[in-house]
Amino acid sequence: MVLTSDLESDPVCRLLLSGEAQTVAEAEKMYLELALPEAIALLASGLSDEELGNHPLMVMYRTHGSRGWEDSIR
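Quantities reported herein were computed from a predicted structural model and do not represent experimental measurements.

Visitor: Before we move on, can you summarise the overall build of the protein chain with the specific residues and values?
Guide: The number of helices and strands found in the protein chain is six helices and zero strands. Ordered by position from the N terminus, the helices and strands of the protein chain form the series α-α-α-α-α-α. Across the 74 residues that make up the protein chain, the buried fraction comes to 19%. A separation threshold of at least 6 residues defines the contact pool for the protein chain, and within that pool the share at least 24 residues apart is 24%. For the protein chain, the computed accessible surface area is about 6000 Å², with 57% contributed by carbon and sulfur atoms.

Visitor: Pulling in residues and values, what's your account of the environment of Met-30?
Guide: Its location among the elements puts Met-30 in helix H3 (residues 24-34). Sequence-wise, Met-30 and Pro-11 are 19 residues apart; in three dimensions their C-alpha atoms are separated by 9.7 Å. When neighbours within four sequence positions are excluded, Met-30 is seen to be in contact with Leu-15, Glu-20 and Ala-21.

Visitor: Got a sec to walk through the side chain of Glu-28? Specific residues and values, please.
Guide: One can find Glu-28 in helix H3. Buried charge without a salt bridge: Glu-28, with Lys-29 as the nearest opposite-charge side chain at an N-O distance of 12 Å. The contacts of Glu-28, once residues within four sequence positions are left out, are Val-12, Met-60 and His-64.

Visitor: Kindly report on the nonpolar core, identifying the contributing residues and their values.
Guide: Tyr-31 and Leu-57 are the most contacted members of the largest nonpolar core, which has 13 residues in total. If you list the elements that add at least two residues to this core, you get helix H2 (11-18), H3, helix H4 (36-43) and helix H6 (56-64).

Visitor: I'd like a rundown of the packing of H3 against H4, residues and numbers included.
Guide: As a packed pair, H3 and H4 sit with axes 4 Å apart at the nearest point and diverge in direction by 55°. In terms of orientation, H3 lies oblique with respect to H4. Contact residues: Tyr-31, Leu-32, Glu-33 and Leu-34 in H3; Leu-36, Pro-37 and Glu-38 in H4. Here the contact of H3 with H4 is built from residues that sort into five nonpolar, no polar and two charged.

Visitor: How would you sum up the environment of Leu-16? Please name residues and give values.
Guide: Looking at where Leu-16 falls in the secondary structure, it is placed in helix H2. Given the relative accessible area of 28%, Leu-16 is considered partly exposed. For the pair Leu-16 and Glu-26, spaced 10 residues apart in the sequence, the C-alpha separation amounts to 8.9 Å. If we skip the residues at most four places from it in the chain, Leu-16 touches Ala-21, Gln-22, Thr-23, Val-24 and Ala-27.

Definitions and limits used
- Residues numbered from 1 in each chain as written.
- Predicted model: local features only at pLDDT ≥ 70, side-chain atom pairs only at ≥ 80, totals over all residues.
- Heavy atoms only, no water.
- Helix = DSSP H or I, 4+ residues; strand = E, 2+ residues; numbered from the N terminus.
- Buried < 20%, exposed > 50% of the residue type's maximum accessible area, 1.4 Å probe, protein only.
- Contact = heavy atoms within 4.5 Å.
- Areas by Shrake-Rupley, 256 points an atom, 1.4 Å probe, with all protein chains shown as cover.
- Lys, Arg positive; Asp, Glu negative; His and termini not counted.
- Salt bridge = Lys/Arg side-chain N within 4 Å of Asp/Glu carboxyl O.
- Core = buried A, V, L, I, M, F, W, Y, C linked by side-chain atoms within 4.5 Å.
- Axes fitted to C-alpha atoms, helices over the stretch in contact; angles between N-to-C directions.
- Parallel < 35°, antiparallel > 145°, perpendicular 65-115°, else oblique.
- Nonpolar A, V, L, I, M, F, W, Y, C, P; charged D, E, K, R; others polar.

Structure (structure tokens):
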């Protein structure tokens, strides 16, 4: 059972509930772009590789993969 406070504390749900994002995919993309400073702080935090790998933010980054490579460098 999901409580309202759980939904309101989830950053992806907040983006959806506020109307800033129209779809889950859009909300996740927005959140991941906003969460880069948090990810950098996690990497610098001294967590073990296992702890980093299990952190929900890092799991979300892995799930969404990396950005595509540019076809050419200008």
